[in-house]
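Fold and contact review
These are the residues of each chain, in order.
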Amino acid sequence: MSTSDQDLVDETGPGDNWQKVQASPEFAELRKRLRTFVFPMTVLFLVWYLVYVLLADYAHGFMSTKIAGNFNVGLLIGLLQFVSTFLITGLYVRYANRKLDPVADKIRGEIEGDAQ
């Protein structure tokens, strides 16, 4: 890198590029797409978890209903909490691969292309 190239990098600095990226419509779209998935899924999971906690606290009869042997409804719903966590993770990965990564790759390409 020549001295003039070094001066150019020092003058603009990486902060300027990131501020431009953050102000860009592509970045706004990326944030919108992320929020479109994350906020509803978070609310859904928290409601699902709250229902489990409330049932465990106030619906002892229902939660202790035997399904098979010592396996009851409370245990089933508790295990489904783990299943739902893995399901949400899988859905997020799928969503990110289809909707988020292409936009992020485009933004990254623009940044790295400008730096070269």
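All values reported here derive from a predicted model rather than from experimental measurement.

Some words on the UniProt feature "transmembrane region" (unreviewed entry) in the protein chain
- Here the UniProt feature "transmembrane region" (unreviewed entry) sits at residues 37-55 and 75-93.
- Its end C-alpha atoms 27 Å apart, residues 37-55 is made of 100% helix and 0% strand.
- The span residues 75-93 shows a helical share of 100% and a strand share of 0%, and its end C-alpha atoms are spaced 28 Å apart.

Regarding the side chain of N72
- One can find N72 in strand β2 (residues 71-72).
- In this structure the side chain of N72 is engaged in a polar contact, spanning 3.2 Å, whose partner is the backbone nitrogen of G74.
- Sequence-distant contacts of N72, that is, excluding residues within four places in its chain, are made with M63, S64, T65, K66 and I67.

So, the pattern of salt bridges
- All chains considered together, the criterion is met by 3 salt bridges.
- Between E26 and K106 there is a salt bridge whose closest N-O contact spans 3.8 Å. With E26 in helix α2 (residues 25-58) and K106 in helix α4 (residues 73-115), the pair connects residues that are 80 residues apart, well separated along the chain.
- Judged by its relative accessible area of 45%, K106 is partly exposed.

Conventions used here
- Residues numbered from 1 in each chain as written.
- Predicted model: local features only at pLDDT ≥ 70, side-chain atom pairs only at ≥ 80, totals over all residues.
- Heavy atoms only, no water.
- UniProt positions renumbered as here; feature names shortened; annotations may be inferred.
- Helix = DSSP H or I, 4+ residues; strand = E, 2+ residues; numbered from the N terminus.
- Polar contact = N/O pair within 3.5 Å; in protein donor to acceptor, adjacent residues only side chain to side chain.
- Contact = heavy atoms within 4.5 Å.
- Salt bridge = Lys/Arg side-chain N within 4 Å of Asp/Glu carboxyl O.
- Buried < 20%, exposed > 50% of the residue type's maximum accessible area, 1.4 Å probe, protein only.

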